Amino acid sequence: MVKIGVLVGSLSKRAFSLKLAQYITYKEKNLEMLQLDYSSLPLYDPDIDLTNAPVEWVAFRRAVSKVSGLLIVMPEYNLSIPGGLKNALDVISVPKPDLPAQGKPVLVITDSSGSRGGMLANAHLHQVLQNLGAKVLPSYVTVGNVNSILKENRITDDFVDQAIEDQFNQFKSVIFKNIRDQNSKILVTENYLYAKTHLGLLENNKEVGWADLTLLENGSFQIDHVVVKPEDRGKGVAQRVMLLLLSIMESSGLKVVPKCPFARDFIKQHFEYEELAIR
Ligand SMILES: Cc1cc2nc3c(=O)[nH]c(=O)nc-3n(C[C@H](O)[C@H](O)[C@H](O)COP(=O)(O)O)c2cc1C
C-alpha cells in the first residue's frame, strides 16, 4: 500500500491540528498514513551535520524519503510556521542534491482559532516546500475558527469538510500519477513485444511471460490472462508484465478491464492504478 507521511505542526496532545490530521487519516482506506514524529530532532546545526549527523536526523530524512507524499497539518504561530516543524524542514533541506522531499506531492492544511485559518503560515510553508524541491499542491487549504468547527474529533461544517475532502482527493490523484510516472520507466528498461492483443516480456530474446488481451467495443482492453512460463515462475515476472501493460495503456490513453483474477488482485493491491481500470 502507498505510504503517506503525516506531519502535525503542533506538539500539543490536545492540538486541533492533530485532531484534524486524525480525522482525515482515519477516513482514508487506500493509503497507509504514518505520522512522522519530529519532536525529538536536535536543532539543526550545519557544523555537526558535516562531521557527525545525529541519528535522529538520519532516521527522519530516511523516513521522509521512503513515503510517497506528505500531508502537513499545522497551526499558525506568530504569523508563520511553528518552530519545531520548521526545524524538521531544515533537517530535510540537506544534504543536496538528494533531498528527502524532492519531487514528493505535499498537501498543506493550516488551522487557527481566528477566522483566517493561518493563511500567512500556509503561504510561508508553500515557499519552504518549494525550496525543498517538493511538489506542493497549489491551493491554500485553511481552516478558520477551528475550535468551533471541530467537535468530537470531526468537522461539523459540511462546506469545510467537503473542501478538505476534495483537496485530499486531488492530492491522492497527484500521488498516484507520480508513482505511475516513476513506474513507467519500465518502458525503457524492459524488452518486450507488443502486438495489440498480446504483450510479451522478453529476457534474452525469449518470452518469459505475457498478457493476452481482447480489444473491446468501447476501445478499452480486457486482460484475459497473465501467463508465466513454468521455469520462470516465482521471480516476479507476472508483476512486471502488469506494470508494463498498465504503463503502455496509460501512455496510450487507454483503459483496461481486468477479467483475469491475477490482474484484478494486482490492481486492488496497487490502488494507484485503479483509475486506469473499468470494472
Ligand atoms: C505560540 C503561538 C502563536 C500563535 N500565533 C498565532 C498566529 O500568528 N495567528 C493565529 O491565527 N493564531 C495563532 N495562534 C493560535 C493558534 O493558531 C490556534 O490556537 C491553534 O488552534 C492552535 O493550534 P493547535 O491546537 O493545533 O496546537 C498561536 C498560538 C500559539 C501557541
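Reference entry: report on the structure contained in this document. Keep in mind the model is a prediction, meaning the values are calculated, not measured. Counting restarts for each chain, with residues numbered from 1 along the sequence as it is written. Thresholds applied to this predicted model are a pLDDT of at least 70 for local features of residues and 80 or more for the giving and counting of side-chain atom pairs; totals over whole chains, interfaces and linings are not thresholded and use all residues. Side-chain calculation: all heavy atoms of the structure are included, whereas hydrogens and water are not.

1. Details of the pattern of salt bridges
Turning to step 1, where the next piece is worked out: Any carboxyl oxygen of Asp or Glu that lies within 4 Å of a side-chain nitrogen of Lys or Arg is treated as forming a salt bridge with it. The tally for this structure, following the rule as stated, stands at 13 salt bridges.
Turning to step 2, where the next piece is worked out: The salt bridge partner of Glu 250 is Arg 180, with a shortest N-O separation of 2.8 Å. Taken together, the residues Glu 250 in helix α9 (residues 237–251) and Arg 180 in helix α7 (residues 158–183) connect sequence positions 70 residues apart.
Turning to step 3, where the next piece is worked out: Residue exposure (1.4 Å probe, protein chains only): buried if accessible area is under 20% of the type maximum, exposed if over 50%, otherwise partly exposed. Relative accessible area serves as the criterion here: at 23%, Glu 250 is assigned to the partly exposed category.
Turning to step 4, where the next piece is worked out: Note that Asp 232 and Lys 235 form a salt bridge whose closest N and O atoms lie 3.0 Å from each other. By the criteria applied, helices consist of DSSP H or I runs no shorter than four residues and strands consist of E runs no shorter than two, each listed in order from the N terminus.

2. What to know about helix α4 (residues 83–91)
Turning to step 1, where the next piece is worked out: Of all the residues in α4, the buried ones are Leu 85, Asn 87, Ala 88, Leu 89 and Val 91.
Turning to step 2, where the next piece is worked out: Should any heavy atoms of two residues lie within 4.5 Å, those residues are counted as being in contact. Tucked into the core, α4 has its buried residues touching β1 (3–8), α3 (55–66), β3 (69–75) and α5 (119–131).

3. Topic: the sheet that holds strand β12 (residues 221–228)
Paired through their backbone hydrogen bonds, the strands of a sheet run either parallel or antiparallel.
Turning to step 1, where the next piece is worked out: Strand pairing follows a simple DSSP-based rule, namely that at least 2 bridges must link the two strands. Taken in spatial order, the five strands line up as β9-β10-β11-β12-β13 in an open sheet, and their pairing is mixed. Sheet topology places β9 (191–195) and β13 (256–258) at the edges, where each strand pairs with a single neighbour. Neighbour to neighbour, the strand axes of the sheet diverge by 25° on average, direction disregarded.
Turning to step 2, where the next piece is worked out: For β12 and β13, the ladder comprises three bridges, and the chain directions are parallel. For helices, the fitted line uses only the C-alpha atoms of the stretch in contact; every axis is such a line through C-alpha atoms, and the angle between N-to-C directions lies from 0 to 180 degrees.

4. Some words on the packing of aromatic side chains
Turning to step 1, where the next piece is worked out: Working definition: a ring pair exists when centres of Phe, Tyr or Trp rings (six-membered ring for Trp) sit within 6.5 Å. Plane angles under 30 degrees give stacked, over 60 give edge-to-face, the rest tilted. For the structure shown, the criterion picks out four aromatic pairs.
Turning to step 2, where the next piece is worked out: A ring pair is formed by Tyr 44 and Trp 57, whose centres lie 5.0 Å apart and whose planes are at 40°; its orientation type is tilted. Note that Tyr 44 is positioned in the loop between β2 (32–35) and α2 (46–52) and Trp 57 in helix α3, a separation of 13 residues in sequence.
Turning to step 3, where the next piece is worked out: When its relative accessible area of 23% is taken as the criterion, Tyr 44 is described as partly exposed.
Turning to step 4, where the next piece is worked out: Assessed through its relative accessible area of 0%, Trp 57 is described here as buried.

5. Section: the site of the ligand
Turning to step 1, where the next piece is worked out: Residue proximity to a molecule or strand is established when one non-hydrogen atom of the residue lies within 4 Å of it. What surrounds the ligand is a group of 13 residues, the closest being Ser 10, Phe 16, Ser 17, Asn 78 and Leu 79.
Turning to step 2, where the next piece is worked out: Leu 79 is positioned such that a nitrogen or oxygen atom in its backbone is 2.7 Å from an oxygen atom of the ligand.
Turning to step 3, where the next piece is worked out: Residues adjacent in sequence count toward polar contacts only when both atoms are side-chain atoms; beyond that, a polar contact is any pair of N or O atoms within 3.5 Å, and within protein one must be able to donate a hydrogen and the other to accept it. Note that an oxygen atom of the ligand is positioned 3.4 Å from one of the side-chain N or O atoms of Ser 113.
Turning to step 4, where the next piece is worked out: Residue-level accessible areas treat just the shown protein chains as cover; the underlying method is Shrake-Rupley with a 1.4 Å probe. Alone, the ligand offers 630 Å² of accessible surface; in the complex the protein occludes 67% of this.
Turning to step 5, where the next piece is worked out: Polarity classes work like this: nonpolar for Ala, Val, Leu, Ile, Met, Phe, Trp, Tyr, Cys and Pro, charged for Asp, Glu, Lys and Arg, and polar for all others, with Gly in that last group. Looking at the shell around the ligand residue by residue, the classes come out as six nonpolar, five polar and two charged.

6. Description of the environment of Gly 118
Turning to step 1, where the next piece is worked out: One can find Gly 118 in the loop between β4 (105–111) and α5.
Turning to step 2, where the next piece is worked out: It is 9.2 Å that separates the C-alpha atoms of Gly 118 and Ile 81, two residues lying 37 residues apart in sequence.
Turning to step 3, where the next piece is worked out: Beyond its immediate chain neighbours, meaning those up to four positions away, Gly 118 contacts Glu 76, Thr 110, Ser 112 and Thr 142.

7. Some remarks on the packing of helix α1 (residues 16–27) against α7
Turning to step 1, where the next piece is worked out: Between α1 and α7, the least distance of the axes is 12 Å, while the angle of their chain directions is 60°. By the angle between their directions, the pair α1 and α7 is classed as oblique. For α1 against α7, the interelement crossing comes out right-handed. Taking contact as the criterion, the partners of Leu 20, Tyr 23, Ile 24 and Lys 27 in α1 are, on α7, Asp 161, Ile 164, Glu 165 and Phe 168.
Turning to step 2, where the next piece is worked out: Partitioned by chemical class, the residues of the contact of α1 with α7 number five nonpolar, no polar and three charged. Oblique is the label for every angle not falling under 35 degrees (roughly parallel), over 145 degrees (roughly antiparallel), or within 65 to 115 degrees (roughly perpendicular). By convention, the crossing between two helices is left-handed when the near helix turns anticlockwise from the far helix through less than a right angle, and right-handed when the turn is clockwise.

8. Some words on the layout of surface pockets
Regions of empty space are outlined by a rolling probe, equal in size to a water molecule, passed over the atoms.
Turning to step 1, where the next piece is worked out: Of the two site types, the cavity is a set of points on a 1 Å grid over the protein atoms alone where a 1.4 Å probe fits but cannot get out, and the pocket is an open set with protein on both sides within 12 Å along at least five of seven lines, each lined by residues with an atom within 4 Å of a point. Grid points are joined across faces, edges and corners, and a volume is the space filled by probe spheres set on the points. Of the volumes computed, that of the largest pocket is approximately 180 Å³.
Turning to step 2, where the next piece is worked out: Class assignment of the residues belonging to the lining of the largest pocket gives a composition of five nonpolar, four polar and two charged.

9. Quick notes on the environment of His 225
Turning to step 1, where the next piece is worked out: Topologically, His 225 is positioned in strand β12.
Turning to step 2, where the next piece is worked out: For the pair His 225 and Cys 260, spaced 35 residues apart in sequence, the C-alpha to C-alpha distance is 5.4 Å.
Turning to step 3, where the next piece is worked out: Discounting residues that sit within four places of it in the chain, His 225 has contacts with Trp 210, Ala 211, Asp 212 and Cys 260.

10. So, α7
Side chains of residues three or four places apart in an α-helix project in the same direction, reflecting 3.6 residues per turn.
Turning to step 1, where the next piece is worked out: To estimate how far a helix should extend, the number of its residues minus one is multiplied by 1.5 Å. Along its 26 residues, α7 runs 37 Å from first to last C-alpha, staying within 8% of the 38 Å computed at 1.5 Å per residue.
Turning to step 2, where the next piece is worked out: Taken together, the buried positions of α7 are occupied by Val 160, Asp 161, Ile 164, Gln 167, Phe 168, Phe 171, Lys 172, Ile 175, Phe 176, Asn 178, Ile 179 and Arg 180.
Turning to step 3, where the next piece is worked out: You can read the cap of α7 off the contacts: a side-chain oxygen lies 2.9 Å from the backbone nitrogen of Phe 159, and it is on Asp 157.

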